[in-house]
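Next come the chains, spelled out residue by residue.
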Amino acid sequence: MKEIKFLFLCMLCASCLSFQVLAQTQPAGTGISLNAFVPSGEIPAEACQNLENKLTRAIAANGFADNGYIDRFVLTAKVDVLSKDVVPSTPPRISQKLEVTFMVGDVIENKVYATSTVSLAGIGTNETKAFIAAFSRINPQQRELQAMLKEAREKILAFYTSNCDAIITNARTLCSMQKYDEAIFRLMSVPDVCRACYEKCQKEAVAIYQQKIDAEGVELLNQAKAVWMKQPDATGAQEVAAIIGRIDPKSKNYSAMEAFRNEVGSKLQADAKREWDFQMKQYEDQQAFKIKKHEDEQELNRSIVEACRAIGVAFGEGQPETVTETIVCGWW
């Protein structure tokens, strides 16, 4: 175990001293992300989904990403029905003329960056099909839509360039409130096309990730000690093993966990001690495998960034759409 710890410490020191290689070894970035969003209730649900699919295609066709979980920048559309007529045919058909306004905006700053309006017409055996027929005329490559998205891209890039320090300051504030996942999410949302800001935010995300696993390590160790104090026997040891097994070997209190683990083991009876030693050996083997896997410094850096990215994705996917809908429907 001493060899494992020594190897890990050497790797960690090397990682801290040469963080600049991170930019060359990290996973591919996401580009500027737009989240396709159409407010519910304005048009029939099936037509709403059809329109949102069109927006998603426009996002992809114009060089953006639609990560879904990055909720800041939104491509949305508002639909106004200019006229609706019943065509006397068999069966009767509904003919509609629509005005669709596309908008790209920032739902956090409550700011619209670019807009474009098109007129569409559609006819169908019912209202839903009339909407879908009209939306089928939306071309993701049409000049007006491309121009709007180009304008939005330039303004989003300018936003990151001028607000990078504020993004980092906000993340540090969230970190001080122990909102580590949200802080990492905000930092990891910066697109790689804003290279200077992207690299600064990646570095900050890694620092906050370390604070996160340090805090979690302290909390888990305290939980384990409370369990052992309440039930210092074989049953308690089983619960303790499950808790300390969740402590990240990169956390600063890892050595304190080892001391506590040895203390627990020294107080167990022979049968329970054998089971405990077996579990701890499995745990050590697992950690040794992780460290060996990341022996290469660049691989270690990459794994940390991937961990940060996973935290950001999980946090973003857990956020409700209600805030976005409130902003888009209420103000844009």
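Placed above this text is the structure.
Here is a short report on the structure shown in this document. Remember, it's a predicted structure, so these values are computed and weren't measured experimentally.

Considering the overall build of the protein
Secondary structure assignment for the protein yields 12 helices and 4 strands. Out of the 332 residues in the protein, the part that is buried amounts to 47%. The long-range share in the protein, meaning contacts at least 24 apart out of those at least 6 apart in sequence, stands at 71%. For the protein, the exposed surface amounts to about 16900 Å²; the carbon and sulfur share of it is 53%.

Here we look at unusual backbone geometry
Peptide bonds are, in most cases, trans, and in most cases residues other than glycine have a negative phi. In this structure, P91 follows T90 across a cis peptide bond, with omega equal to -5°. With respect to the element layout, P91 can be found in the loop between β2 (73–87) and β3 (93–106). You will see that Q178, though not glycine, has its phi angle at about 65°, which is positive. Here Q178 lies in the loop between α5 (143–176) and α6 (180–188).

Side note on the environment of E151
With respect to the helices and strands, E151 occurs in helix α5. For E151, a relative accessible area of 33% translates into the label partly exposed. Each C-alpha atom of the pair E151 and T115 lies 9.2 Å from the other, and the pair is 36 residues apart in sequence. Leave out the neighbours within four places in its chain, and E151 touches Y113 and A114. There is a polar contact of 3.1 Å between the side chain of E151 and the side chain of K155.

Regarding the state of the cysteines
This model, assessed by the stated rule, comprises 1 disulfide. Looking at the unpaired C194, the closest cysteine sulfur is the one in C197, lying at 6.5 Å. Here C201 is not cross-linked by a disulfide; its sulfur's nearest cysteine counterpart is in C197, at 3.9 Å. Using a relative accessible area of 0% as the deciding quantity, one classes C201 as buried.

Topic: helix α9 (residues 254–266)
A rise of 1.5 Å per residue sets the reference length of α9, with its 13 residues, at 18 Å; its end C-alpha atoms lie 19 Å apart and thus fit the reference within 8%. Along α9, the positions that sit buried rather than exposed are Y254, M257, E258, F260, R261, V264 and G265. An end-on view of α9 places all buried positions within 165° of arc, on one side of the element.

What to know about the nonpolar core
One finds L34, V100, F102 and F135 to be the most contacted residues of the largest nonpolar core, which totals 60 residues. Take this core: its biggest share by element is 13 residues, from α5.

Side note on the sheet that holds β3
Strand order across the open sheet formed by 4 strands is β1-β2-β3-β4, with mixed pairing between neighbours. In the strand order of this sheet, the two ends are held by β1 (35–37) and β4 (111–124), each with one partner. Each strand axis lies, on average, 20° off the axis of its neighbour in the sheet, ignoring direction. By the bridge criterion, 13 bridges tie β3 to β4 in an arrangement that is antiparallel. When the bridges of β4 are listed, I94 appears paired with G124. Sheet strands in contact with helix α3 (residues 45–61) are β1, β2 and β3, and its direction is about 155° off that of β1.

Observations regarding the pattern of salt bridges
In the structure shown here, the tally under the stated rule is 9 salt bridges. Between E204 and R172 there is a salt bridge, and its shortest N-O distance comes to 3.0 Å. Pair noted here: E204 is in helix α7 (residues 195–230) and R172 is in helix α5, with a separation of 32 residues, a long-range link. A relative accessible area of 13% places E204 in the buried class. Among the ionic contacts, a cluster of salt bridges with common partners joins D181, K212 and E216.

Comments concerning the packing of α5 against α7
Two numbers describe a pair of packed helices, the interaxial angle and the distance between the axes. Running from N to C, α5 and α7 point in directions that differ by 5°, and their axes come no closer than 10 Å. Taken together, the axes of α5 and α7 lie roughly parallel to each other. For the pair α5 and α7, the contacting residues are Y160, C164, D165, I167, I168, A171, R172 and C175 in the first and C197, K200, C201, E204, I208 and Q211 in the second. Considered class by class, the residues forming the contact of α5 with α7 number 9 nonpolar, 1 polar and 4 charged.

Re the packing of aromatic side chains
Aromatic ring pairs are reported here in terms of the distance separating the ring centres and the angle at which the planes meet. Under the definition given, this model contains 6 aromatic pairs. Feature note: the residues F73, Y113, F159 and Y160 constitute an aromatic cluster, connected by ring pairs. Here R153 stacks its cationic end above the ring of F64, 4.4 Å away from the centre of that ring.

Cut-offs used in this document
- Residues numbered from 1 in each chain as written.
- Predicted model: local features only at pLDDT ≥ 70, side-chain atom pairs only at ≥ 80, totals over all residues.
- Heavy atoms only, no water.
- Helix = DSSP H or I, 4+ residues; strand = E, 2+ residues; numbered from the N terminus.
- Buried < 20%, exposed > 50% of the residue type's maximum accessible area, 1.4 Å probe, protein only.
- Contact = heavy atoms within 4.5 Å.
- Areas by Shrake-Rupley, 256 points an atom, 1.4 Å probe, with all protein chains shown as cover.
- Polar contact = N/O pair within 3.5 Å; in protein donor to acceptor, adjacent residues only side chain to side chain.
- Disulfide = S-S within 2.5 Å.
- Expected span 1.5 Å × (residues − 1).
- Arc of directions from axis to C-beta.
- Core = buried A, V, L, I, M, F, W, Y, C linked by side-chain atoms within 4.5 Å.
- Pairing = 2+ DSSP bridges.
- Axes fitted to C-alpha atoms, helices over the stretch in contact; angles between N-to-C directions.
- Salt bridge = Lys/Arg side-chain N within 4 Å of Asp/Glu carboxyl O.
- Parallel < 35°, antiparallel > 145°, perpendicular 65-115°, else oblique.
- Nonpolar A, V, L, I, M, F, W, Y, C, P; charged D, E, K, R; others polar.
- Phe/Tyr/Trp six-rings, centres within 6.5 Å; stacked < 30°, edge-to-face > 60°.
- Lys NZ or Arg CZ within 6 Å of the ring centre and 35° of its normal.

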